[in-house]
Amino acid sequence: MWGSGSAGRRTRRLVFGLLVPIGLLVALMVATGSTQASSPPAGTVTVPSTTGQTATDRWTGTIPPGANPTSDCFGGTSVADEHVVTVTVPSGVYSNLTAQFTFSISWTPTTPTSDTADEIITVVGPDGKEVGSSDSSSTTEQVIANDLPSGDYHVLACGFANAAAQSYSGSLAVTTKAREPSVPSADAKGLAFSAAVPADNQRDEAEPLIETDKDGNIYTCGPTGFSNAADYAQVSTDGGKQFHMLGTPPRGQQGVGGGGDCGIAMAVARNGQQHYQYAYTGLGPLTGFVTSTSPNNGHSLTSGGPFGNGVTDKGGGADRQWMTFIDDHTVLLSYNQQAPRNVVVQRSTDGGLTYGPSSAIAAPDPRFPGPMRYDESHRLVFFGWDRSTDDGDSINLSVSKDGGLTWTDCRAAVAPANSAGFVTADSDSQGNIYIAYGEEANYHTYMVSLAAKNVAKCSNPADGEQPTINPGFSAPVQVDRNSVRTTVFPWIAAGGDPGRVAVSFYGTTKDGNPNSGDFKASWDVYVNQSLNALAKTATFSQVKATTHPFHYDSICLNGLGCDLSVPPGDRTLADFFAIEYNRVDGKLSVVFNRTNKKPDEPFGHVATPMVTTQIAGPSNGGRTLSAATPVVRTSSSDATNDALSSYSLLATSFVLPPTKNERSADFTSVSVGPQVDLATGRQVRNGGFTVTMKVANLSSAALQQEMTDTGSQSLLWLLRFTNGYQDAAASARWNPAEGFTFGFNDYTTGQSPCVSGDQSGEKCVLYPGGTQIQGKVDQAAGTIRLSVPRSLLHALGPADANGRPTQVAATAGSRFYDATAFSLGNNASPRQDVQSFLYPLDNAPAMDFLLPGG
């Protein structure tokens, strides 16, 4: 959904935040003859002063013929029927209770083809800002909001595709309830996570996905936009400490095409090479998929060619695909077909290289279907999804008992408003199924569970009807706890003992609508774990998986509607991130995007995939993990023989790459201490820090060999770390003509696809090192030392009025985050100020560190 899924198509999402003076809006629509009044033209509603009461206003009207492909009644060309309702809020009402406002329109199509009477509702508040807009495929559309202020609300009804005048009924229902207290969290029992390592320190990868195979290898993948025709992926063979890029370096594409959405899956049985087959699909511009497969952990990627293998034979338009293996070679591919809207499932029998054309309908008219999962013990394929309904958003489950050939579905819950992200599902070792979902009424995250014995009751044919039968799902349990008030993008991971699940989400203590461009907040990644998720009174602990805020202000969920808002909502985090349970080491790993957005910036920058891994606390597998090393420390040790050139190769047929270890790039350790004047050897008073990188071999022969093996014109070793709000890097560079030089740079990006210079089309991170710093290399000892002065360093200080940390000058004890050493080759130039895609070789485990005292 990043590069194509919510661009250039109908979004079927609530659209918030369009800021237009209401007088101008009405004057414009009246002047162009584009509105007509409802019957009656206006009404009033007073918010009740006691809980459990409902006040209503009702009207009827006729929606004029017309079309509006923007899914919003204020599109400049749409015609609409208008009703004005005056809301009165008695003084002090919202201090003790909360009120839910439900604006609705409903109609009966006059022709059998619903697309000739497909309507939209848009609500504009007294301040000229859109409260919301809804456009699904139902014959009822709703906009739901909470605690609206007094004033006149303009309810507009128009057609997405309206062949003839369509009569409708409209209503506003305002229902009060007691204001929810914070839900307390359970004891986390030591659950803790590492500092976050960039799975890729340079490339833009929104919507990062994470999966593990049965050997414990961790794969991440994300799209960079179909206009760049690239999905990038990485694999970690050491439990998430280091990642190797997949695809031919230095760029590392998995296929010729893709970039819209990235799907990956690993086999559940070993192949002939005794590995678990890896399969990839990349979405093009809503036209089909590029595919690749690998028999050896991504070393050899065989591509089936661009856009030809995912055949969309059930209708037009393909969006957000997911994949799962059901044996060693059979892969199921699901995608969200756009016309007519269905989840279509296709099958590959050659490890994910070719698919179809036979297919099955797995879910009718979904909004955001989540990833497919395979329960080996019961040979069951399943996924969660949602669909708009008259009473909210139906959270559903689809299952297949015959390997994806036929599907049934059932209802799991009803959310009060559209889900705030994909509906995700997972199962434990006994086949119990868990679903996590968010909702956009109050932006909370919920979980429901279904005992394995009841899964067979999920038996409604997936034939186009809305599932209504609940086969025995538990009542929804609120996942977010304590002071967290707003959450988006929930994802669930089970995979271990019964009743043990973990749910990740982006959360903030700020209450409000994150879609709005004027939402001000500080965001963290949370992991909430339940050890009794099958109990009627299931509990959740709550921990921050990030050691510092990773994002500020708006996180917009509205697709194209994000751009329509004034100010626009920020969609640089795209539509999801993911958590995964590793059955080999018993740890949870989370991949999320960090876009280096500063407070009050309208948008983030390059979406860097960051991975944080569980280091302590309860495992989903039942045991308790003990932390081996603290997050805050002064050094990281790194395994040798893991600085691999030619790790992966993309070809149209199986070719084994000439992988080898590059000793001049092979870190053995990285440490941080007080700043030292490297010319005199004396400690700098009130200084910054000195980083010492040790590598296996820095001899001239080893350096020249690395240059030859990687096709590089210069080499680069750097320490990347979060320096206040944004990432910075201290670096050492080498080329044969100049030898070693040293530099520092604040956050620097390159234009699309990845070129130094103009940053208007940001698509990668660069490390030009334009500020000269002291450095010293001992080639015989294999050490690189960089002296970073305090004047270049920043820290996070006291919170501002919106709960966001301020940026202040660093002082002794200031904390720096996610510090990771990287070794890279520069194929573009001998000069470090000229870069393109860098050739990744090695990285040391990430750590946080404190600025040493003076």
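Residues numbered from 1 in each chain as written. Predicted model: local features only at pLDDT ≥ 70, side-chain atom pairs only at ≥ 80, totals over all residues. Heavy atoms only, no water.

This part covers the overall build of the protein. Along its length, the protein carries 3 helices and 63 strands. In terms of C-alpha radius of gyration, the protein reaches 27 Å, essentially the compact-globule figure of 29 Å for 854 residues. The C-alpha extent of the protein, read off along each of the three principal axes, is 85 × 60 × 50 Å. Here the protein, with 854 residues, has 63% of them falling under the buried criterion. Within the protein, counting contacts between residues at least 6 apart in sequence, those at least 24 apart form 66% of the total. For the protein, the accessible surface area stands at approximately 27,200 Å², while carbon and sulfur atoms represent 53% of it. (Helix = DSSP H or I, 4+ residues; strand = E, 2+ residues; numbered from the N terminus. Rg over C-alpha atoms; globule rule 2.2 N^0.38 Å. Buried < 20%, exposed > 50% of the residue type's maximum accessible area, 1.4 Å probe, protein only. Contact = heavy atoms within 4.5 Å. Areas by Shrake-Rupley, 256 points an atom, 1.4 Å probe, with all protein chains shown as cover.)

All right, on to the sheet that holds strand β28 (residues 408–415) then. Where strands meet in a sheet, backbone hydrogen bonds hold them as pairs that are either parallel or antiparallel. Read from one edge to the other, the open sheet built from 5 strands follows the order β25-β26-β27-β28-β32, with strand pairing classed as antiparallel. Of all the strands in the sheet, the pair left with one neighbour each is β25 (373–375) and β32 (460–461). Alignment of strand β27 (residues 392–400) against β28, held across 7 bridges, turns out to be antiparallel. Looking at β28, one finds that Val399 is bridged to Thr408. (Pairing = 2+ DSSP bridges.)

What follows covers the nonpolar core. Counting residues in each nonpolar core, the largest one holds 62 residues, and the members touching the most others are Tyr278, Val488, Tyr506, Val527 and Phe592. Look past the residues within four positions of Phe592 in its chain and what remains in contact with it is Ala196, Pro208, Tyr506, Val525, Thr546, Phe550, Phe577, Thr608, Pro609, Met610 and Thr612. By size, the runner-up hydrophobic cluster in this structure holds 36 residues, among which are Val670, Met707, Leu792 and Ala821. (Core = buried A, V, L, I, M, F, W, Y, C linked by side-chain atoms within 4.5 Å.)

The next subject is the environment of Asp585. Mapped onto the fold, Asp585 is located in the loop between β39 (578–581) and β40 (588–594). Residue classification places Asp585 among the buried positions, given a relative accessible area of 19%. Sequence separation between Asp585 and Asp215 is 370 residues, and the spatial gap between their C-alpha atoms is 9.5 Å. Among residues more than four places away in sequence, those in contact with Asp585 are Gly239, Arg623 and Leu625. Looking at Asp585, its side chain comes within polar contact range of the main-chain nitrogen of Lys587, at 2.9 Å. (Polar contact = N/O pair within 3.5 Å; in protein donor to acceptor, adjacent residues only side chain to side chain.)

Within the fold, Asp328 resides in the loop between β21 (322–325) and β22 (331–338). Note on Asp328: relative accessible area 28%, which makes it partly exposed. With residues near it in sequence (within four places) discarded, Asp328 still touches Ala267, Ala269, Arg270 and Gln277.

So, about the side chain of Ser134. For Ser134, the position within the fold is in strand β7 (residues 130–134). There is a polar contact of 3.3 Å between the side chain of Ser134 and the backbone oxygen of Gln142.

With that out of the way, let us pick up the state of the cysteines. Taken as a whole, this structure holds 5 disulfides when the rule is applied. Disulfide pairing is shown between Cys73 and Cys158; the S-S distance is 2.2 Å. As the torsion about the S-S bond is roughly -100°, the Cys73-Cys158 disulfide counts as left-handed. Of the two residues, Cys73 is situated in the loop between β3 (66–67) and β4 (80–88) and Cys158 in strand β9 (residues 151–162); the sequence distance between them amounts to 85 residues. Given a relative accessible area of 0%, Cys73 falls into the buried group. When its relative accessible area of 0% is taken as the criterion, Cys158 is described as buried. One disulfide bridge connects Cys410 with Cys458, the sulfur atoms lying 2.1 Å from each other. The disulfide joining Cys410 to Cys458 has a torsion of about -95° about its S-S bond and is therefore left-handed. Of this pair, Cys410 sits in strand β28 while Cys458 sits in the loop between β31 (445–450) and β32; the two residues are 48 residues apart in sequence, bridging distant segments of the chain. (Disulfide = S-S within 2.5 Å.)

Now for the sheet that holds strand β13 (residues 209–212). Reading across the sheet, the 4 strands line up as β13-β14-β15-β16 and stay open at both edges, with antiparallel pairing between neighbours. One side of each edge strand has no neighbouring strand; the edge strands of this open sheet are β13 and β16 (244–245).

The subject of this paragraph is the confidence of the model for the protein. For the protein, mean pLDDT is 90; residues scoring 70 or higher make up 93% of the total. For the stretch residues 1–33, pLDDT sits under 50, and the model shows 133 contacts to residues farther than four places along the chain or on other chains. Between residues 306–313, whose pLDDT stays under 50, and residues either more than four places distant or in other chains, the model counts 30 contacts. (pLDDT = per-residue confidence, 0-100.)

Our focus in this paragraph is unusual backbone geometry. When glycine is set aside, most residues are seen to have a negative phi, and most peptide bonds are trans. In the segment running from Ser39 into Pro40, the intervening peptide bond is cis, with an omega of -5°. The phi torsion at Tyr443 lies on the positive side, around 60°, for a residue other than glycine. One non-glycine residue, Asp600, lies in positive phi territory at about 75°. Residue classification places Asp600 among the partly exposed positions, given a relative accessible area of 48%.

Tallied over the entire structure, the rule returns 23 salt bridges. A salt bridge links Arg804 to Asp800; its shortest N-O distance comes to 3.0 Å. Residue classification places Asp800 among the partly exposed positions, given a relative accessible area of 27%. Between Arg815 and Asp848 there is a salt bridge, with the nearest N and O atoms lying 2.8 Å from each other. (Salt bridge = Lys/Arg side-chain N within 4 Å of Asp/Glu carboxyl O.)

Turning our eyes to something else, we now look at the packing of aromatic side chains. Each aromatic ring pair is characterised by the separation of its centres together with the angle its planes make. A full pass over the atoms with the stated rule returns 27 aromatic pairs. An angle of 40° between the planes, with centres 6.3 Å apart, marks the rings of Phe103 and Tyr153 as tilted. Here Phe103 is found in strand β5 (residues 97–106), whereas its partner Tyr153 is found in strand β9, with 50 residues between them in sequence. A connected cluster of aromatic rings, assembled from ring pairs, spans Trp322, Phe368, Phe422, Trp491 and Phe576. A cation over a ring is seen here: Arg203 above Tyr232, with NZ or CZ 6.0 Å from the ring centre. Positioned above the aromatic ring of Trp322 is the side chain of Arg320, whose terminal nitrogen or guanidinium carbon lies 4.1 Å from the ring centre. (Phe/Tyr/Trp six-rings, centres within 6.5 Å; stacked < 30°, edge-to-face > 60°. Lys NZ or Arg CZ within 6 Å of the ring centre and 35° of its normal.)

On the secondary structure map, Ser636 appears in strand β43 (residues 635–637). Of note is the side chain of Ser636, whose polar atom sits 2.8 Å from the side chain of Arg633. A distance of 3.1 Å separates a polar atom in the side chain of Ser636 from the backbone oxygen of Pro845. Not counting the four nearest positions on each side in its chain, Ser636 is found in contact with Ser669, Val670, Pro845, Ala846 and Met847.

Turning our eyes to something else, we now look at helix α3 (residues 700–710). Here α3 has its buried residues at Ala702, Leu703, Glu706, Met707 and Thr710. Within α3, the buried residues cover an arc of 140° as seen down the axis, which keeps them to one side. Residues Ala701 and Thr708 are exposed on α3 and point more than 90 degrees away from its buried face. Where α3 is buried, its residues touch β44 (644–645), β51 (714–723), β52 (726–735), β53 (739–745), β61 (815–826) and β62 (839–843). Looking at the residues trailing α3, positive phi occurs at Gly711, about 65°. (Arc of directions from axis to C-beta.)

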